[in-house]
Structures are given as structure tokens and as C-alpha cells.
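Results of the structural survey
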Amino acid sequence: MPSDVVALGRLVVEALRQLTVLPSDPALRLAVYSAMALAALTLVVMLNVLVLAELAARRERRRAAFSVRWRPLLTAWSLNERAALPPLGRRRHEERLWLLLMWANLQRQVRGNAKEYLNAFFDHLAMDAYVTSLLNTRQSHRKLLALACLRHLGEERHWGDVAPLVSSSNPVESLAAADALVAMNPPRAMRFLVPFYIQRNDWAYLRFKSLCKQAGREAAGPALLAALKQSSHPRIVALIEWITPIEAAPWARQSLRKLPASAELTREQRDAVCASLRCLAELHSEQDRELIEKAFDHPFPQVRSEAVLALKHQSSRGDEKQFTRMLSDPSWWVRQAAADALVDLPTLETAHLEALLDSLQDRYGRDALRRAIAEKR
């Protein structure tokens, strides 16, 4: 038995010795070297994954502990309960980023005086310098966080730090900067931003429209009107509803007179036509009826829908035939708008509407009118 164990040990030693001897064939030697390199690379990748996983787990534990410590304090300050604040680590940039994220998220959720209380929390920690320093980084997500914070603050003293970012080639960054400027000073911001909107095709119409809504008609109107007087570009005409209707009416009428009777409209032209119809709807002027009724037969359903809504604002009992005709429109939106306009016609009795419902041949039109009658009841 002992001799067998000794023999087995010798065989193992001999096998290991043979494995450590490189083959004489160059191709086989290259294969061995490649296998060794691949094994080493695999071990390095595995070690890297383990290290990164451990670092991420530690970071998550630190962030959880940070949230447990600071979230109740933020909530207390939002209720105007000025609790004592622990020192914020100056060397740990991540902690200040976490605090800014919590502060910005809470700002989006609260209303009224709570926003002012959170701004007082921000000022108490003197975070201004750190936030403005984030605007100069190359990391886009940090810039967006800083811009969101400055938007919530809404203090015009930061205008000089934010305004240059409007020229950024990144449309997300530039629009976030525009949003912050509107929060600081709406009239000044709109005078500054409208020329950019005309030049930059990467600024979406709906996004800039929301900026006009945020600024309000009093702030956005003069800047848009000044641009409209220089050039009646469809991108500006599409925002005509944010100008006082009596001032914008000439351009709205001009836009509708030039309206082609075909589907050859760009998206910008279509938006301009719809905005023009909404503008004339606010005027309630009889002289615009012909232009509005002309749009009833346009190929684009969005234009027809806006035309129905515009006529509804100045409709009379005599418009019943027009709205009834639109109940057979192929577009769901047009049928619903026509049905709502019919039930809102003055002096139109429910019995007459019921008789009209029974006489309709188009079942989709009947459904639209039935829904409108039921909602009126």
C-alpha cells in the first residue's frame, strides 16, 4: 500500500512537470500563451466586477444613511420648522449632489409657501456657489441638476451664469437654461429667447409653447409681437395665441387667407393655422366667420377640429346645419367637437337634439351626439 501511494505521488509530480514544459512547436506554444493571457484577463475582469459591485454597495449604503438623516430635515423645513442642520461634508461632492436631488424632487412636489421655505433651506446651506460651479462641468446630468435648482430658486442674480447655456448645442441643456431664465424674469427672458427660437430648429414647438405658458401672455406677447412684425415666420405665427388677440388678428387672418386647400402643409404651417383659428375664436368677430368656415373643408383633421371650436365661440342657432354636417367627419376629434358645439347652441332644446339624433345616418356621428347630450344632462 505505501508503495502504491509513493508511485501515485511520483506520477502526479511527473505530470505537473510535463505541464510546465512548453511544447517545442511554435504554434502550440502560441496557443499556450494565448490561453494563459485569456485566463489572466478573465481573472482581472472578475476582480474588477467584484470591486465595482462592492463599491456600489457601499455607495448605496452611504446614500441610504444620508437620506435617513436629511430627508426628515428637508420635510421639516418645507413646513417652516427650522430644525438644526448637521454639517455637510465639503469634500464629499456626492453628498451635496444627493442633497440637491432630494431638494429639487421635493420642490416639484410642494406648492405655495413650502417652496419659499425650501429656498430658505437652500440659502441657509449657502449652496449657490456649488450649484453655479456645476454649470461649468462637462457632465450634462450635473448641468441639468444645477439648472433645475436655479429654476426653482428663480433669482435673477444667477442670470449671467445661466444665459450662456442657451447657446449650447445640446437642445436639452439649452431648453433647461431657457426654462430657468423664464422662472427668473419672464419678460426679460422672452425678449432674450424668441430670437433663439426662430433660429433653432431643434427647439420643439410644444416645448417653447410651454415656456410661453409659463411666462404668461403679458410677458410673452410683446416679444412675440415684435418678432412677428419683423417676419411672419410660421414658427412665430404658431405662437400667436400668446399675443393679445386684437393685436395678433391681422397676422391670423393673413395666415388663414393663405391657407392652401390641399394637404401640402408642413407641421409648422399646420401649427400656425391652428393657432390662428384659436386667436380668431377669442375675438368673437363676425367678419372672421368666412375664414373660419373655409377651414371646415381642409384635409387636415386638426385644422377642421380647430375651425369647429372657433365657430363654437361665436355660434348662433343658424349654425346648426354647419355643425350637423361635421358629425359625419372621418375624424373622431372633429365629430366630438361638432357634437359639443351642437348641444351648446343657444335656444336649442333637448327634444330637438333627440330628433336630430334619430335622423342622423352616420352611426359614428350618432355616438358622438349621444355622448354630448348625455354629458349635458
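With that settled, the discussion passes to the overall build of the protein chain. Summing up its helical and strand segments, the protein chain has 20 helices and 0 strands in all. The C-alpha radius of gyration of the protein chain comes to 34 Å, more than 25% above the 21 Å expected for a compact globule of 377 residues. C-alpha extents for the protein chain along the principal axes are approximately 120 × 55 × 45 Å. A total of 377 residues make up the protein chain; the buried ones form 44% of that total.

Quick look at the packing of helix 9 (residues 186-199) against helix 10 (residues 205-215) now. Their axes nearest at 10 Å, the elements helix 9 and helix 10 cross at an angle of 165°. Classified by the interaxial angle, the pair formed by helix 9 and helix 10 is roughly antiparallel. Here helix 9 runs over helix 10; the crossing is left-handed. Counting all contacts with helix 9, which are made through Pro186, Met190, Leu193, Val194 and Tyr197, the residues of helix 10 involved are Tyr205, Phe208, Leu211, Cys212 and Ala215. Of the residues in the contact of helix 9 with helix 10, the class split is 10 nonpolar, no polar and no charged.

A word on the side chain of Arg200. When you line up the elements, Arg200 lands in the loop between helix 9 and helix 10. At 2.8 Å, the side chain of Arg200 forms a polar contact with the side chain of Asp202. Apart from residues no more than four positions distant in its own chain, Arg200 is found in contact with Val166, Ser167, Ser168, Ser169, Asn170, Pro171, Ser174 and Arg235.

Attention shifts here to helix 18 (residues 332-343). For the α-helix, the turn length of 3.6 residues means that residues three or four positions removed from each other point alike. Taking 1.5 Å per residue as the helical rise, helix 18 with its 12 residues ought to reach 16 Å, and the 17 Å between its terminal C-alpha atoms agrees with that figure. Counted residue by residue, helix 18 has 9 buried out of 12 residues, so it is predominantly covered. Buried residues of helix 18: Val334, Arg335, Gln336, Ala337, Ala338, Ala339, Ala341, Leu342 and Val343, and no others. Residues of helix 18 that are buried in the fold lie against helix 16 (301-312), helix 17 (320-326), helix 19 (350-359) and helix 20 (363-376). Two to three positions downstream of the cap, the backbone nitrogen of Trp333 sits 3.3 Å from a side-chain oxygen, assigning the N-cap of helix 18 to Ser331.

This part is about the environment of Leu28. If you trace the backbone, Leu28 turns up in helix 2 (residues 26-78). Counting along the chain gives 156 residues from Leu28 to Met184, while the straight-line C-alpha distance between them is 72 Å.

Turning next to helix 11 (residues 217-230). Look at helix 11: 19 Å from first C-alpha to last across 14 residues, which is about the 20 Å you get at 1.5 Å a residue. Among the residues of helix 11, those classed as buried are Ala219, Ala220, Gly221, Ala223, Leu224, Leu225, Ala227 and Leu228.

As enumerated under the stated definition, the model contains 11 aromatic pairs in all. Ring pairs connect the aromatic residues Trp159, Phe192, Phe196, Tyr197, Trp203 and Phe208, which therefore count as one cluster. Sitting over the ring of Tyr197, Arg235 keeps its end group 4.1 Å from the ring centre.

A word on the pattern of salt bridges. Note that side chains of opposite charge can pair when their charged atoms are close. For the structure on display, the rule yields 27 salt bridges. Here Asp128 makes a salt bridge to Arg157, at a shortest N to O gap of 2.6 Å. In this pair, Asp128 sits in helix 5 (residues 128-134) while Arg157 sits in the loop between helix 6 (140-153) and helix 7 (159-162), placing the two residues 29 residues apart along the sequence. The closest approach of N and O atoms between Arg278 and Glu241, which form a salt bridge, is 2.7 Å. Residue Arg278 is found in helix 14 (residues 267-283), and its partner Glu241 is found in the loop between helix 12 (234-237) and helix 13 (245-257); the two are separated by 37 residues along the sequence.

Another aspect to go through is the packing of helix 19 against helix 20. Viewed as axis vectors pointing N to C, helix 19 and helix 20 meet at an angle of 160°, and their least axial separation amounts to 9 Å. It follows that helix 19 is roughly antiparallel to helix 20 by the angle criterion. For the crossing formed where helix 19 meets helix 20, the hand is left-handed. Across the interface between the two elements, Leu353, Glu354, Leu356 and Leu357 of helix 19 pack against Arg366, Leu369, Arg370 and Ile373 of helix 20. Taken together, the residues that form the contact of helix 19 with helix 20 break down as 5 nonpolar, no polar and 3 charged.

Together, Leu38, Leu41, Val45 and Val49 line one region of the surface with nonpolar side chains, adding up to about 380 Å² of accessible area. When you line up the elements, Val45 lands in helix 2.

Let us look at the state of the cysteines. Tallied over the full model, the rule gives 0 disulfides. This cysteine, Cys212, is not joined by any disulfide, and Cys279 carries the nearest cysteine sulfur, 14 Å off. Cysteine Cys274 shares no disulfide, and the gap to the nearest cysteine sulfur, in Cys279, comes to 13 Å. Judged by relative accessible area, Cys274 falls into the buried class, the value being 8%.

Moving on, we get to the environment of Arg267. Tracing the backbone through its elements, the reader meets Arg267 in helix 14. The class of Arg267 is exposed, set by a relative accessible area of 58%. Measuring from C-alpha to C-alpha, the distance between Arg267 and Tyr205 comes to 9.8 Å, with 62 residues separating the pair along the chain.

Basis of the calculations
Residues numbered from 1 in each chain as written. Predicted model: local features only at pLDDT ≥ 70, side-chain atom pairs only at ≥ 80, totals over all residues. Heavy atoms only, no water. Helix = DSSP H or I, 4+ residues; strand = E, 2+ residues; numbered from the N terminus. Rg over C-alpha atoms; globule rule 2.2 N^0.38 Å. Buried < 20%, exposed > 50% of the residue type's maximum accessible area, 1.4 Å probe, protein only. Axes fitted to C-alpha atoms, helices over the stretch in contact; angles between N-to-C directions. Parallel < 35°, antiparallel > 145°, perpendicular 65-115°, else oblique. Left-handed = near helix turned anticlockwise from the far one by under 90°. Contact = heavy atoms within 4.5 Å. Nonpolar A, V, L, I, M, F, W, Y, C, P; charged D, E, K, R; others polar. Polar contact = N/O pair within 3.5 Å; in protein donor to acceptor, adjacent residues only side chain to side chain. Expected span 1.5 Å × (residues − 1). Phe/Tyr/Trp six-rings, centres within 6.5 Å; stacked < 30°, edge-to-face > 60°. Lys NZ or Arg CZ within 6 Å of the ring centre and 35° of its normal. Salt bridge = Lys/Arg side-chain N within 4 Å of Asp/Glu carboxyl O. Patch = residues over 30% accessible without salt bridge, like charges linked within 9 Å, V, L, I, M, F, W, Y side chains within 5 Å. Areas by Shrake-Rupley, 256 points an atom, 1.4 Å probe, with all protein chains shown as cover. Disulfide = S-S within 2.5 Å.

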